[in-house]
Amino acid sequence: MMVPIRCFSCGKPLASEYEEFKKRVDKGEKPDKVMDELGIKRYCCRRMVFSQADLIDDIAKYES
Amino acid sequence: MAISIKKLKEESGISKYIVKGISPAFINAVRRSIMLHMPCLAIEDVSIYENDSVMFDEFLAHRLGMLPIKMDGKSYKLGDKVKMVLEKEGPCTVYSKDIKSTDPKIEITDKNIPITKLSKGQKIKLEMQAVVLSGKDHAKWQPAVVGYREMPSLAVSKECNNCGDCVKICPVNVLEIKGKKVTMTNPEECSICGACVDTCKKEALKLQFDKSTFVFIIEPITGMSAKEVIGGTVKVLLDKSKEYSKALQKIK
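Residues numbered from 1 in each chain as written. Chains lettered and ligands numbered in written order. Predicted model: local features only at pLDDT ≥ 70, side-chain atom pairs only at ≥ 80, totals over all residues. Heavy atoms only, no water.

Q: When you look at the pairing of strand β14 (residues 205-220) of chain B in this model, what are you seeing that I'm missing?
A: A regular strand places its side chains so that they alternate between the two faces of the sheet. Residues and elements named next belong to chain B. Examined bridge by bridge, strand β2 (residues 15-20) and β14 share 6 bridges and lie antiparallel to one another. Opposite Tyr-17, over in β14, you have Phe-216 as the bridge partner. Here 13 bridges tie strand β11 (residues 144-156) to β14, and the two strands are oriented antiparallel to one another. Counted as the bridge partner of Ala-155 is Lys-206 from β14. (Pairing = 2+ DSSP bridges. Helix = DSSP H or I, 4+ residues; strand = E, 2+ residues; numbered from the N terminus.)

Written out as structure tokens, the structure is:
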């Protein structure tokens, strides 16, 4: 629904990095480079931001 | 053997140390104490007065519990509680900076964590209680991500023909050919993937480990410095050992 606050495996808080990651990737930057620059090093953390699908805006449409 | 600790450079919040003259059991005790026994703050109870957002109450409470909170270890002890409030009206994204704490010294470390989204007319109003507990109770009270590995070194046999395949394949670039011999230039960066050993056609390479030297990696996640985390943990370990020796003395 929304990006998880921490990495499931190691517990590092990542949610604050996600918005910038999304913005930069949407602009056309390569995801791996953006993650390196944001200090997301371990592959457990990288999959958290990389595989995130934001669905809250889609769900919000159906809320009465 | 005397214990010696050398600090390597700190990079994006991750501190690395080389610890010499220590047993695997001892360094593991330090690691596990950091993970399990170091007191830390996290939101535990959430009273929800109003929640119109699309996120369920439980979901919201769980997200709030995961927030990293900065705490100074001097004025807060195990079991202490702090009250926090969050009130917001949409349309907006609710961030962690919107949470107001009753103690100005206590704050959410990361200000830009999105908690939920509110559309027009939706409101949330809640009260939270943060408690000082340790990682033994739940992983959200874990103050740092910690790990260690034995110091690796590369043993090169006579079969090596200096082809340079291992230098090319190394993903962390720690190998170099120095004076017709493959050497590991900075072994603390080696990730022990073993790609060099696998790629060698002559089977001339072997990874060896020093069982008394460790690369200790610590990444604090709640706003404390690595030194504070380690210092606090050592104090907890000492107190526990004292308690243990007291109990031992009672045995006749």
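Q: Please explain the nonpolar core as it appears in this structure.
A: When a protein is soluble and globular, its nonpolar side chains tend to lie buried together. Ranked by size, the top nonpolar core spans 47 residues in total, and within it B:Leu64, B:Leu67, B:Met84 and B:Ile99 carry the most contacts. Looking at this core, the element that brings in the most residues is strand β10 (residues 123-133) of chain B, giving 5 residues. Residues contacting B:Leu67, with those up to four places away along its chain left out, are A:Ile5, A:Arg6, B:Ile43, B:Ser96, B:Ile99, B:Ile108, B:Ile113 and B:Ile115. B:Met35, B:Trp141, B:Phe216 and B:Ala226 belong to the second-largest nonpolar core, a separate cluster that totals 19 residues. (Core = buried A, V, L, I, M, F, W, Y, C linked by side-chain atoms within 4.5 Å. Buried < 20%, exposed > 50% of the residue type's maximum accessible area, 1.4 Å probe, protein only. Contact = heavy atoms within 4.5 Å.)

Q: Sorry, what's going on with the interface of chain A and chain B here?
A: Counting residues at the interface gives 21 residues for chain A, matched by 28 residues for chain B. For the pair chain A and chain B, the two sides together bury roughly 2,100 Å², of which 61% comes from carbon and sulfur. On the chain A side of the interface with chain B, the three residues burying the most area are A:Met2, A:Ile5 and A:Arg6, jointly 32% of the side's total. Viewed at the interface, chain B and chain A are joined by 3 salt bridges. For B:Lys117, the salt bridge is made with A:Asp57, and the minimal N-O distance between the two is 3.1 Å. Applying the counting rule to chain A against chain B returns 7 residue pairs in polar contact (both at pLDDT 80 or more). At the level of secondary structure, the elements contributing two or more residues to the side of chain A that touches chain B comprise α1 (15-26) and α4 (56-60) of chain A. With 4 residues, the top contributor of residues to the side of chain A that touches chain B is α4(A). (Buried area = accessible area lost by both parts, 1.4 Å probe. Salt bridge = Lys/Arg side-chain N within 4 Å of Asp/Glu carboxyl O. Polar contact = N/O pair within 3.5 Å; in protein donor to acceptor, adjacent residues only side chain to side chain.)

Q: When you look at the packing of aromatic side chains in this model, what are you seeing that I'm missing?
A: Centre-to-centre distance and the angle between the planes together describe a pair of aromatic rings. What the rule picks out here adds up to 2 aromatic pairs over all chains. Measuring from ring centre to ring centre gives 6.4 Å for A:Tyr18 and A:Phe21, while their planes differ by 35°; the resulting arrangement is tilted. Taken together, the positions of A:Tyr18 and A:Phe21, both in helix α1 and 3 residues apart, correspond to about one turn of that helix. For A:Tyr18, a relative accessible area of 4% corresponds to the buried category. A ring pair is formed by B:Tyr148 and B:Phe214, whose centres lie 5.7 Å apart and whose planes are at 80°; its orientation type is edge-to-face. With B:Tyr148 in strand β11 and B:Phe214 in strand β14, this pair connects stretches of sequence that are 66 residues apart. Of the residues examined, B:Phe214 reaches a relative accessible area of 0% and is grouped as buried. One Lys or Arg, B:Lys140, reaches over the ring of B:Trp141 and ends 5.0 Å from the middle of that ring. (Phe/Tyr/Trp six-rings, centres within 6.5 Å; stacked < 30°, edge-to-face > 60°. Lys NZ or Arg CZ within 6 Å of the ring centre and 35° of its normal.)

Q: Would you take a moment to explain the side chain of B:Ser96 for this structure?
A: Residue and element names in this part refer to chain B. Take Ser-96: it is sitting in the loop between β6 (92-95) and β7 (100-101). According to the relative accessible area criterion, Ser-96 is buried, its value standing at 1%. Reaching out from Ser-96, the side chain makes a polar contact with the backbone oxygen of Lys-111 at a distance of 3.0 Å. Those residues in contact with Ser-96, other than ones at most four positions away along the chain, are Leu-67, Ile-108, Asp-110, Lys-111, Asn-112, Ile-113 and Ile-115.

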